[in-house]
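Architecture and fold: a report
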Amino acid sequence: MAAQWVGQFSHRISMLAVAAQGVMNVKEHPTHIILADFANFLDGFASSLKELQKELEVVSNPSSNESQQRDMEAELTAVEQLVMAQKGQSQLLSFLSSPFLHAKLQSCREALSRDIESMIPEACSAVVKLQIARTQRLLKQSSGPKLGLQEQAVIESLSTITEDSTPQKCKEVAVQVAEYLGKAVSDVAFAEQLAEARRDIGKTGMSGDTGFSTQLESCIKALEKGFGFQNTPGAGEVETLMAKNRVQDGPKEVGAQALAPLPSFICPLTKQVMKDPVQIASGQTFEKSAIMQWFKDGKTTSPVTGERLRNTKVSPNYALRQSITEWRERNYNLRLDNAESRLRSIQPMEQARGARDIKILCEEDAINKYSVASRKLIPQLIRLADTPKISATLRELCFNALAALALDHREIQETLVFEGVIDVLVRCLRNREEAEPAINLLKILSGSSNIAEIIGLKPDAVLLLVTFLGHENESLVVSVKAVLVNLPTSDENIVIMAEANLMKPLVTRLVEGGKESKIVMARTLGRLKHMPDSSRSLASTRDTITTLINMTSSDDEEEVDAAVLALKNLSTVPSVGILIADCSGLEVLIKLLSTKQTSVNMPKVGASYIVANVLHAVGNEWPPSDDKEADIDNYLETIFILVSSSTKPPTSPAVQSHLLQGLLGLVEGKDTGRVVKGIMMRRNVFSILTSHFRDTRPETRRDSLKLFSALSRKHGAEAWSAIKIHSGTLALLVDMLKAEEKISETEKVAAARIIAHLPVEDHALTITLRELEMVPLLVKYLTSPNQNIQEAAMGALVRFTSPESLDLQKQLAEMGVIPIFVNLLDSQKHRTKINASRALANFAKSTPQLVKPVAPTTCWQCFAPAPVSCKLHGSLCSVESTFCLLAADAVDPLLAIVAEPPSEPNKKAAEAALGALYALVENDQFCERGCYVIHQAGGVPIILKNLPNCTPRAQEISIDMCERFFKIPQFLNSFGASAQMHIITVAQNAAIPRTRGVANRILRQLDLLGSLAGSQSHYVSSSTTSGAGRSTSS
């Protein structure tokens, strides 16, 4: 039984520790610090009890002292009540009672520690005795919880005052306490906390300690004396001034004359005064909602007596309801008399309490609003709020009272307006620190359309409101937006709102307003260049876009110009561009561009800019269409006419530039690229674009080159045919690269890319480019800081590195390009890395025919230093003479590319890098040495790991390299087992039949490890059977 009791007591201790930790949310508060320290003690104490329980369970017939157990349980119960009493206390009361709490908990520690020592049986192990002794020692050595410096200072000051202290001394300590609570000593809220602390002394858990209760009450009286000396000398205690109804859960009474409710008015279930009293079968009366919930929960007994009821019917208690109504009315009148008296006082504290009491009365019962109005208190509240020198707190209380009066009461709202409250509220908006209550009242008043119109007509009202839209207080911003949306403002005010990023009124006026309003709203949309994309999206409803598109078809040039300006700004967001296309905007805008009118006011440049944005957007997501290709073809036909150099009258350069940019968006779009390229090839777009290469207008020339470059990537042969037809075009592209002036970097990049995309296999073209001195020009651009021109030059140079042109390779090597290629393997541009790898692979393929064995030394050379031969080729290799990748330090950067994460661009770069690495092992003469070179660079695991996650061509290269690796016994033993799963995957899933065949050959070769690999070899054998079958059938 003793062990069982210790276990139960230990559990209670642990639960109390958890409860103590969760009492306070403010970690810096003394009560939280004291309880957290006590919780740590309880955790250690519970651990000791658990160890003691284990000892008692094995001790035969341990003695138990029931009297001592009862004392310990009583001690713990008292502490549990004390700890739980701290919950829900005000911050002030909790702070004032913290010394008492600390003393009580310290006493509990000592008692519990002393009691546990007497419970230890004589046969208890030394370990448990040591742990309990350690707990007691820590208790004695503990200096208690450590409070902050501010908390210690305030507590020490409180210990120096009593209710007999001088008013000045009390005031000094009251100021110190108020500052700690984050309030001013003159604040109404501080007075309320003092009153609440006095009222709730009995809830602190110290009612049994008369001495401390008296001390605490004396301290509160001293603070009240300091508060009274600060605000209204000689006014008496705050408790009298701030008196509230003492009945638990009764109405919030104001003034000492308030009548307490009769006990019969209180519902036994809710403990509140009833509003709808009903009787049950036993004759008892309850609040209707409460007793109905009682029955709904399945209970059929009386909540008071517990006896079973005959039925669950209820009937209204009209007599009691009438009595409660009369009691409320009498109390309301008494409280309203008190509130009026305070409001008309000359003391700010009394005025503040009067305003607060009026708010409470109006919230409790709407009938009180009529009484407040009939007593002419509304003008008094407004005049008080408009007084320049009153405190912010008093002004806020006045506005809060007016808001409570106005809520859901149209007549009082009109009275407020009549008494001039709108002017007062607008003036208060100029003070950002005190504007929130004014805005809340405006939010209520603006719900009436008549009053909203009056607010909108007030000078600066809208302008002042929109300045709060960027406020850090989110709830305030929501209230401001609600006011602004309610205001039926003028066009001028709507523009002000839009400039503050409130777009809804503008959108409504644009869609529903007259012609002049539409023009103003559209111009505003066009002018707001810096609005965020989120606002552009919100403003771009389907109605907005439809309205603007309709305006572009108008005969009024001013209307067209405004609509184009708006669409030009909105269309920069891709989702808006798609919406414009879905609303038939492309047809309307292209038709506008095709018109023969030549008026200078015709906004064709803006329209072409919108078309470009829309084409870029729909390139990735073409709107739903029955025949997408036919629709695109129709648009392209008109656009090609507009961009053609033969169009009469000629299209302006800016319009052509925008349209060419839009076509580029279609070509590069994920949804339209394939279709558009096909249409453009059928319509011979290369010829149209080539005619612009000689254009003196830079924007048209630039965008023609960019579009030609994008198309030629997949259609290099067609591009070369068009260039040949237009004589001198190739030389023109080379001249653009040579030009020092007049040709932009963008144009040079496009020209270099076009040359890079032309057919590599056309040797005549290569010779022509060489004759045009293209090679030195491209080499120069390899070291350009512009990575785009660097990428384009690298792509164009690849054709000159072909192994079939050994003399050209030697020329390039002598120009020092191979080290540059190696450096470019680390480029941020994937295409640069791909082309650098391809060029290095081309050079490496020529290496075997350039290397020569080292000649044997003669006796005359015995004193000369021995020549260092290449580990790979066994010759005197150099970058310039043999193009050796090992001498160029290219192996590590190539392997780094292969090791990069397998994204789509990285896979293509890895394929090119593997092509260069394969050149090290491709030649049978140097194969084994090449394998060791790759191995020494850590490349074998990288290539094996990359096998399942690469392109089909990279997989084919890698599997060929693996076959060469595993012909070497050392690699077979070192990497064979780890490679099996990767090679099985290739054997089963490779896209190229030859790759599967090589993988199966390797697996059969790896089966030589069967005697070592055990059961794994049988899995390999069975796994490769199907792969080998597919390879054979292939």
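Residues numbered from 1 in each chain as written. Predicted model: local features only at pLDDT ≥ 70, side-chain atom pairs only at ≥ 80, totals over all residues. Heavy atoms only, no water.

**A word on the overall build of the protein chain**
The cut-off we apply is this: Counting from the N terminus, the helices are the DSSP runs of H or I reaching at least four residues and the strands are the DSSP runs of E reaching at least two. Contacts: residue pairs with any heavy atoms within 4.5 Å of one another. With residues, only the protein chains shown are counted as cover, and all accessible areas are computed by Shrake-Rupley using a 1.4 Å probe.
Broken down by element type, the protein chain carries 56 helices and 3 strands. Considering only intrachain contacts with a sequence separation of at least 6, the fraction spanning at least 24 residues in the protein chain is 69%. Surface summary for the protein chain: the accessible area is close to 48,600 Å², and the carbon and sulfur share equals 51%.

**What about the pattern of salt bridges?**
Put simply, the rule reads: The working definition used for a salt bridge is a side-chain nitrogen of Lys or Arg within 4 Å of a carboxyl oxygen of Asp or Glu. Remark: exposure states derive from per-residue accessible area (1.4 Å probe, protein chains only) relative to the maximum for the residue type, with buried under 20%, exposed over 50%, and partly exposed in between.
Taken as a whole and judged by the stated rule, the model has 33 salt bridges. The residue D357 makes a salt bridge to R356 at a minimum N-O spacing of 2.6 Å. As far as burial versus exposure is concerned, D357 and R356 are alike and both buried. Of the charged contacts, one joins R542 and D582 as a salt bridge, the two residues approaching to 2.7 Å between their closest N and O atoms. You can see R542 sitting in helix α28 (residues 542-552) and its partner D582 sitting in helix α30 (residues 574-582), a full 40 residues away along the chain. Under the relative-accessibility criterion, R542 is labelled partly exposed at 44%. For D582, a relative accessible area of 36% gives the class partly exposed. Salt bridges here are not isolated pairs; linked through shared partners, they connect R342, E350, R353, R356 and D357.

**Quick look at the sheet that holds strand β3 (residues 315-316)**
Stated precisely, the cut-off is as follows: Here, a strand pair is defined by DSSP locating no fewer than two bridges between the strands. Note on geometry: axes are C-alpha line fits, over the in-contact stretch for helices, and angles between N-to-C directions span 0 to 180 degrees.
An order of β2-β1-β3 is seen for the 3 strands of this open sheet, with the pairing classed as antiparallel. Each having just a single partner strand, β2 (285-287) and β3 make up the two edges of the open sheet. Relative to β3, strand β1 (residues 277-279) is paired through 2 bridges, and the arrangement is antiparallel. Looking at the pairing, Q279 lines up with S315 of β3. The strands that helix α12 (residues 288-296) touches are β1 and β2; relative to β2, the one it contacts most, it runs at about 95°. In the packing of helix α13 (residues 318-343) onto the sheet, the strands contacted are β1, β2 and β3, and the crossing angle to β1 comes to about 160°.

**Remarks on a negative patch on the surface**
Put simply, the test is: Note on patches: the residues involved have over 30% relative accessible area and no salt bridge, like charges join within 9 Å, and the nonpolar side chains Val, Leu, Ile, Met, Phe, Trp and Tyr join within 5 Å. We score Asp and Glu as negative and Lys and Arg as positive, and we do not count His or the chain ends. Taken as the charge centre is NZ of Lys, CZ of Arg, CG of Asp or CD of Glu, depending on the residue.
Taken together, the side chains of E587, D626, D627 and D631 present a region of like negative charge at the surface. Looking at the element boundaries, D631 is found in helix α33 (residues 628-643).

**As for the state of the cysteines**
What counts here: Here, the term disulfide refers to a pair of cysteine sulfur atoms separated by no more than 2.5 Å.
All told, the structure shown has 0 disulfides when counted by the stated rule. Free cysteine C219: the closest other cysteine sulfur is in C170, separated by 9.1 Å.

**Points about the packing of helix α26 (residues 515-527) against α28**
Helix packing geometry: the angle between the two helix axes and the distance between the axes. Applied cut-off: By the definition adopted for this analysis, an angle is roughly parallel if under 35 degrees, roughly antiparallel if over 145, roughly perpendicular if from 65 to 115, and oblique otherwise. Gly is put with the polar residues, along with every residue not named as nonpolar or charged; the nonpolar set is Ala, Val, Leu, Ile, Met, Phe, Trp, Tyr, Cys and Pro, and the charged set is Asp, Glu, Lys and Arg.
Running from N to C, α26 and α28 cross one another at 110°; their axes reach a closest spacing of 12 Å. Of the possible angle classes, the one that applies to α26 and α28 is roughly perpendicular. Mapping the contact onto sequence places K518, I519, A522 and L525 in α26 and T544, T547, L548 and M551 in α28. Of the residues belonging to the contact of α26 with α28, the class tally is 5 nonpolar, 2 polar and 1 charged.

**Here's the deal with the packing of aromatic side chains**
As a reminder, the rule being used: For Phe, Tyr and Trp, rings pair up if their centres lie within 6.5 Å, where Trp contributes its six-membered ring, and each pair is then called stacked (planes under 30 degrees apart), edge-to-face (over 60) or tilted (otherwise). When the NZ atom of lysine or the CZ atom of arginine is within 6 Å of a ring's centre and also within 35 degrees of its normal, the charge is said to sit over that ring.
Counted according to the given criterion, the structure contains 9 aromatic pairs. Seen from their ring centres, F821 and F843 are 6.2 Å apart, and the 45° between their planes marks the pair as tilted. With F821 in helix α45 (residues 817-824) and F843 in helix α46 (residues 830-850), this pair connects stretches of sequence that are 22 residues apart. There is no split in this pair, since F821 and F843 are both buried. Members of the aromatic cluster, each reached through a chain of ring pairs, are Y932, F965, F971 and F975. Of note, K299 hangs over the ring of W294, and the distance from its end group to the ring centre comes to 4.3 Å. The ring of Y781 carries K780 above its face, with NZ or CZ at 4.9 Å from the centroid.

**A short note on the packing of helix α1 (residues 2-21) against helix α3 (residues 66-85)**
The condition is simple: Crossing handedness is read from the near helix: turned anticlockwise from the far helix by less than a right angle, it gives a left-handed crossing, and turned clockwise, a right-handed one.
Direction vectors running N to C along α1 and α3 enclose 15°, while the axes themselves pass 11 Å from each other. In this view, α1 runs roughly parallel relative to α3, as classed from their interaxial angle. Pair α1 / α3 crosses with left-handed handedness. Between α1 and α3, the contacting residues are W5, F9, R12, I13, L16, A19 and A20 on the first element and Q69, M72, E73, L76, T77, V79, E80, V83 and M84 on the second. Looking at the contact of α1 with α3 residue by residue, the classes come out as 11 nonpolar, 2 polar and 3 charged.

**Focus on the nonpolar core**
Our working rule: Only buried residues count toward a nonpolar core. Its members are Ala, Val, Leu, Ile, Met, Phe, Trp, Tyr and Cys residues joined through side-chain atoms within 4.5 Å.
M961, F966 and I983 are the most contacted members of the largest nonpolar core, which totals 185 residues. Top contributing element to this core by residue count: helix α49 (residues 904-922), with 10 residues. The residues touching F966, leaving out its near neighbours within four places in the chain, are L944, F971, L972, F975, G976, A979, I983, I1002, Q1005 and L1006. Counting residues in hydrophobic clusters, the runner-up holds 62 residues, among them A355, L384, L397 and L416.

**Considering empty space enclosed by the protein**
Here is the rule we go by: Cavities and pockets are defined on a 1 Å grid built over the protein atoms alone: a cavity is a set of grid points where a 1.4 Å probe fits but cannot escape, while a pocket is an open set with protein on both sides within 12 Å along at least five of seven lines, and lining residues are those with an atom within 4 Å of any such point. Grid points are joined across faces, edges and corners, and a volume is the space filled by probe spheres set on the points.
Per the stated rule, a full pass over the model turns up 3 cavities of 30 Å³ or more. Looking at the largest cavity, its volume works out to about 70 Å³. Together, A844, T847, P848, L872, H873, L885, A919, L920, N923 and F926 line the largest cavity. Those elements that place two or more of their residues in the lining of the largest cavity are α46 and α49. Broken down by element, the lining of the largest cavity gets its largest block of residues, 3 residues, from α46. Among the residues making up the lining of the largest cavity, the classes are represented as 7 nonpolar, 3 polar and no charged.

**As for the confidence of the model for the protein chain**
Put simply, the rule reads: The predictor attaches a confidence to each residue, called pLDDT, with possible values from 0 through 100.
The share of residues in the protein chain with pLDDT of 70 or more is 86%, and the mean pLDDT across the chain is 83. With pLDDT under 50 throughout, residues 858-864 is counted as low confidence; its partners more than four residues away or in other chains account for 1 contact. Under a pLDDT of 50 for its full length, residues 1008-1034 has, in the predicted model, 30 contacts with residues more than four places off or in other chains.

**Quick look at the layout of surface pockets**
Volume-wise, the largest pocket comes out at about 1,400 Å³. Lining the largest pocket are 43 residues; nearest its centre among them are R713, R831, I834, N835 and R838. Listed by contribution, the elements that provide at least two residues to the lining of the largest pocket are α34 (653-668), α37 (698-712), α40 (745-757), α43 (787-797), α46, α49 and α52 (952-965).

**A closer look at a positive patch on the surface**
Among the surface-exposed residues, R713, K714, R831, R838 and K908 lie close enough to one another that they form a single positively charged patch. Looking at the element boundaries, R713 is found in the loop between α37 and α38 (716-725). The exposure class assigned to R713 is partly exposed, which follows from its relative accessible area of 45%.

**Observations regarding helix α15 (residues 367-374)**
Test applied: It is the directions from the helix axis to the C-beta atoms whose arc is reported.
Three or more residues of α15 are buried, namely N368, K369 and V372. One side of α15 carries all its buried residues, which in axial view fall inside an arc of 105°. Set apart from the buried face of α15 by more than 90 degrees, the exposed residues are I367 and S374. Buried residues along α15 sit against α13, α14 (348-364), α16 (377-385), α17 (392-406) and α18 (410-418).

**Examining unusual backbone geometry**
Here the phi dihedral of K376 falls at roughly 60°; this positive angle occurs in a residue that is not glycine. Of note, K376 is situated in the loop between α15 and α16. The backbone of E773 shows a phi angle near 60°, a positive value even though the residue is not glycine. Here E773 shows up in the loop between α41 (763-771) and α42 (774-782).

**Regarding α30**
Within α30 the residues assigned to the buried category are V576, G577, I578, L579, I580 and A581. Contact partners of the buried residues in α30: α27 (533-539), α28, α29 (557-570), α31 (585-594) and α32 (604-620). S584 occupies a position one or two residues after α30 and carries a positive phi of about 65°.

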